[in-house]
Amino acid sequence: MPHIYPIVTYGDPVLRQPAAPIPEVTDEIRALARDMFATMRRANGVGLAAEQIGHPIALCVVEIPESYDTETENGPRLNPDALLKLALVNPKIVESSKKTWKLSEGCLSFPEISGTVERPWSVTIEFTDLKGQPRRETVHGFLARACQHEIDHLNGTVFIDHFSYARRLALKGRLRRLADAHA
Ligand SMILES: [Zn+2]
């Protein structure tokens, strides 16, 4: 049975730590990825970074439903099925499209907080997969957004950093209360 981890929330310093690179994909890393998928699904998330369960190492998982993988309702799919569930070890965004789009995002580490984030429409990511193989994939749309959100976590960046000043100001009290829970 996979282990379900508690999810770290805003105010915990681990969320601001740059993740340490993973030197080798071991059975422990594979087990951690499996537990992260289970933890993410239990929380109804579409992505989870290892920092969010208290491990500042460069591993994140993303899984989006097929229904999110179109630009318009009933439109053509944007990514092949094989990419809708990804475990990324040491991921790096090596190319970003000029085209950007805005969407309201949430984050499992920020319960009940959402805000609009503008991100590139597609990105090319270099990473190591769970077999230890180097990979390079270009992803589009919502999947690209989820990957960017998770890779941000590995760099110590959280989604509120992308919010407008006005949105951050509006959320100030709620963010403070969330952070104060750790004091
Ligand atoms: Zn997040």
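To be clear, the structure that these remarks concern was listed above.
For the structure given in this document, a descriptive report is provided here. (Residues numbered from 1 in each chain as written. Predicted model: local features only at pLDDT ≥ 70, side-chain atom pairs only at ≥ 80, totals over all residues. Heavy atoms only, no water.)

**Here's the deal with the side chain of Glu-105**
Logical step 1: The topology assignment puts Glu-105 in strand S4 (residues 100-105).
Logical step 2: Glu-105 sits in the buried class, given a relative accessible area of 7%.
Logical step 3: A distance of 2.7 Å separates the side chain of Glu-105 from the side chain of Arg-145, its partner in a polar contact.
Logical step 4: Once residues lying within four places of it in the same chain are set aside, the contact partners of Glu-105 are Ile-113, Ser-114, Gly-115, Val-117, Arg-119, Arg-145, His-149 and Phe-159. (Helix = DSSP H or I, 4+ residues; strand = E, 2+ residues; numbered from the N terminus. Buried < 20%, exposed > 50% of the residue type's maximum accessible area, 1.4 Å probe, protein only. Polar contact = N/O pair within 3.5 Å; in protein donor to acceptor, adjacent residues only side chain to side chain. Contact = heavy atoms within 4.5 Å.)

**Considerations on the environment of Pro-120**
Logical step 1: Locating Pro-120 in the fold gives a position in strand S5 (residues 115-120).
Logical step 2: Taking relative accessible area as the criterion, Pro-120 reaches 18% and is therefore assigned buried.
Logical step 3: Counting along the chain gives 35 residues from Pro-120 to Lys-85, while the straight-line C-alpha distance between them is 20 Å.
Logical step 4: Apart from the residues lying within four places of it in its own chain, the contact partners of Pro-120 are Ser-96, Ser-97, Lys-99, Thr-100, Trp-101 and Gln-148.

**Some details on a positive patch on the surface**
Logical step 1: A cluster of basic residues, Lys-172, Arg-174, Arg-176 and Arg-177, forms a positive patch on the protein surface.
Logical step 2: Along the chain, the position of Arg-176 falls in helix H4 (residues 172-180). (Patch = residues over 30% accessible without salt bridge, like charges linked within 9 Å, V, L, I, M, F, W, Y side chains within 5 Å. Areas by Shrake-Rupley, 256 points an atom, 1.4 Å probe, with all protein chains shown as cover. Salt bridge = Lys/Arg side-chain N within 4 Å of Asp/Glu carboxyl O. Lys, Arg positive; Asp, Glu negative; His and termini not counted. Charge placed at Lys NZ, Arg CZ, Asp CG, Glu CD.)

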